[in-house]
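Chains, contacts and geometry: an overview
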Amino acid sequence: VLFQELEHRLAKQDVRLFKKTAVETVVMDNGCVAGLRVNGETLPYTDVIVCTQLPDFIDLINGGPTDYRSRLSTIGFLGNATLVMRLNHRLSDTYWVNITDPQCPFVGVIEQTNLLNESHYGGNHLAYISRYMDVDDPLYSLSDNALFDLYYPWLQKVFPAFRREWIEEVMVWRDPHSQAVVSVGYSDTIPAMRTPVEGLYLSTMAQIFPEDRQMSNGVKFAKQAAMCVLERKRNESGPIDEDRRRSCGV
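Read on for an overview of the structure.

Basis of the calculations
Residues numbered from 1 in each chain as written. Predicted model: local features only at pLDDT ≥ 70, side-chain atom pairs only at ≥ 80, totals over all residues. Heavy atoms only, no water. Pairing = 2+ DSSP bridges. Helix = DSSP H or I, 4+ residues; strand = E, 2+ residues; numbered from the N terminus. Axes fitted to C-alpha atoms, helices over the stretch in contact; angles between N-to-C directions.

One open sheet accounts for three strands, arranged β1-β2-β3; its pairing is antiparallel. Single-partner strands in this sheet number two, and they are β1 (23–29) and β3 (41–44). Here the strands of the sheet are splayed against their neighbours by 35° on average, with no regard to which way each runs. Two strands pair when backbone bridges link them, and β1 and strand β2 (residues 32–38) are joined in this way by six bridges, in the antiparallel orientation. Note that in β2 the partner of valine 26 across the bridge is leucine 36.

Okay, structure coming up:
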């Protein structure tokens, strides 16, 4: 619903959207952005904001500065396998349950229909189970049903009334770069929004530390990235606000 409304509003502003279209590379010329390569065609752009996770961004700028790409590569990531359960019964009356038992194979159970009730989901109750892990963890590649079978006894410990008969469907979504690994000194490695390539900007969740990965923070960062572009469009005329200077990496 959110993306449909955004698409509707952007269309009214004559914004051109490319749907189901993969960007192959960011095209650069003499240290400046020249466009995007899409389906073998170069689309000319002088300003580009990339909002992918860092590993994907590094692939997109394969022709970019080697030292810059190397610095970005030092930031590690955890993957996530999220098991979604479509239920015919309410799991609990709690929206979000964090699990701190180190033996438990998942870290959180989020029952979406305790935030936005089941009338919005065709009468179904929805709950999703989150686990962060390395992508080479055996659990990451388990089938949907196998992962549920592993989780089931632990779900019964957390929710003793839970029964298999409540399950209508299970689905797993996997993301190999879900969470940047924040180690000691991470604040010194966070990449600036303005990259060494003129006209190329980066706005991604790996930059959001010490804030949390929330939609509201993503929107805030996107606005900052847009303002960085506007400052360049003004040809750097006049003084730049100090907060914006820091956020852009000027």
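Here five strands make up an open sheet; going across it, the order is β6-β7-β8-β5-β9 and the pairing antiparallel. The open sheet is flanked by β6 (96–98) and β9 (167–180), the only strands paired with a single partner. The mean angle between the axes of side-by-side strands here comes to 15°, regardless of whether they run parallel or antiparallel. Of the strand pairs in this sheet, β6 and strand β7 (residues 108–111) are connected by three bridges, and their pairing is antiparallel.

On to unusual backbone geometry. Here the bond from phenylalanine 209 into proline 210 is cis, since omega is 10°, no more than 30 degrees from zero. Backbone geometry at aspartate 14 places phi at a positive 60°, although glycine is not the residue there. Considering the arrangement of structural elements, one finds aspartate 14 in the loop between α1 (2–12) and β1. At asparagine 39, a position not held by glycine, the phi torsion is positive, near 50°. Secondary-structure assignment places asparagine 39 in the loop between β2 and β3.

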